[in-house]
Amino acid sequence: MPIIRERNYISMFEVRYFAKAASLILIIAVVAGGSGVSLAASSALPGDKLYGIKVNVNESIEDSFARTTEAKVIVQSKKVERRLVEAQTLDKENKLSPEIQNIVEKKLEEHIDKLTEDIDDLRAEGNLELALETTSNLTPVLEAHKEILQDKEELLLQRAPVAVKSRQVVDAPTTHSP
């Protein structure tokens, strides 16, 4: 009959195996959790809590994969269109407050500046066809969405004097006759 001994120790093989398995599980959990947050952030709008992740993390990753000038132009064009669609969505939902409009306009300006630089680089590289195509595709999109931001700004300017006047009426001191 074989002799069975009780072990009072854990072998190094078991510790290494457990450590590797635990590390792998942890990595999978972090990647899956991070991917979930990143995926949820992709539909965030300005003013949402995940919007910073969308703009600062997701779009930075997009930028890092754009190695050529052509790819950079495509990425920046998509960002410009994305900001315009966000503004349009917020406008339709009546959530385009002056603060959020300012955020959208600031980001839009950054993307347009970067896109302009990239288009200039395309021209310098001699890729005039893509530079012209990008410019001609983006111009009508900018014009269509520009009206949304301008209309909202004009509406806010029109409402501001009314709000000020109504506040003055409400805050005006009242005199009571004895």
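Given the structure is predicted, the values throughout are model-derived calculations rather than measurements.

Draft legend 1. Examining the layout of surface pockets more closely. Put simply, the second largest pocket is a space of about 150 Å³. What lines the second largest pocket is Val73, Ile74, Ser77, Lys78, Glu81, Leu130, Glu133, Thr134, Asn137 and Leu138. Along the lines of polarity and charge, the residues of the lining of the second largest pocket split into four nonpolar, three polar and three charged.

Draft legend 2. Summary view of the environment of Thr89. When you line up the elements, Thr89 lands in helix H3 (residues 69-92). In the structure, Thr89 is positioned 44 residues away from Leu45 in sequence and 8.5 Å away in space, judged by C-alpha atoms.

Draft legend 3. Structural context of helix H2 (residues 51-65). Helix length check: H2 (15 residues) gives 21 Å between terminal C-alpha atoms against 21 Å at 1.5 Å per residue, within 8%. In the structure, H2 departs most strongly from a straight axis at Glu59, where the bend amounts to approximately 30 degrees. Turning to H2, its buried residues number three or more, namely Tyr51, Lys54, Val55, Asn58 and Glu59.

Draft legend 4. Spatial organisation of unusual backbone geometry. We note that Asn94 has phi near 55 degrees; this positive angle belongs to a residue other than glycine. Locating Asn94 in the fold gives a position in the loop between H3 and helix H4 (98-125). In this structure Asn94 comes out as exposed when scored by relative accessible area, which is 64%.

Definitions and cut-offs
Residues numbered from 1 in each chain as written. Predicted model: local features only at pLDDT ≥ 70, side-chain atom pairs only at ≥ 80, totals over all residues. Heavy atoms only, no water. 1 Å grid on protein atoms, 1.4 Å probe; cavity = no way out; pocket = protein on both sides within 12 Å on 5 of 7 lines; lining within 4 Å. Points joined across faces, edges and corners; volume = space filled by probe spheres on them. Nonpolar A, V, L, I, M, F, W, Y, C, P; charged D, E, K, R; others polar. Helix = DSSP H or I, 4+ residues; strand = E, 2+ residues; numbered from the N terminus. Expected span 1.5 Å × (residues − 1). Bend = angle between axes of the 7 residues up to and from the residue. Buried < 20%, exposed > 50% of the residue type's maximum accessible area, 1.4 Å probe, protein only.

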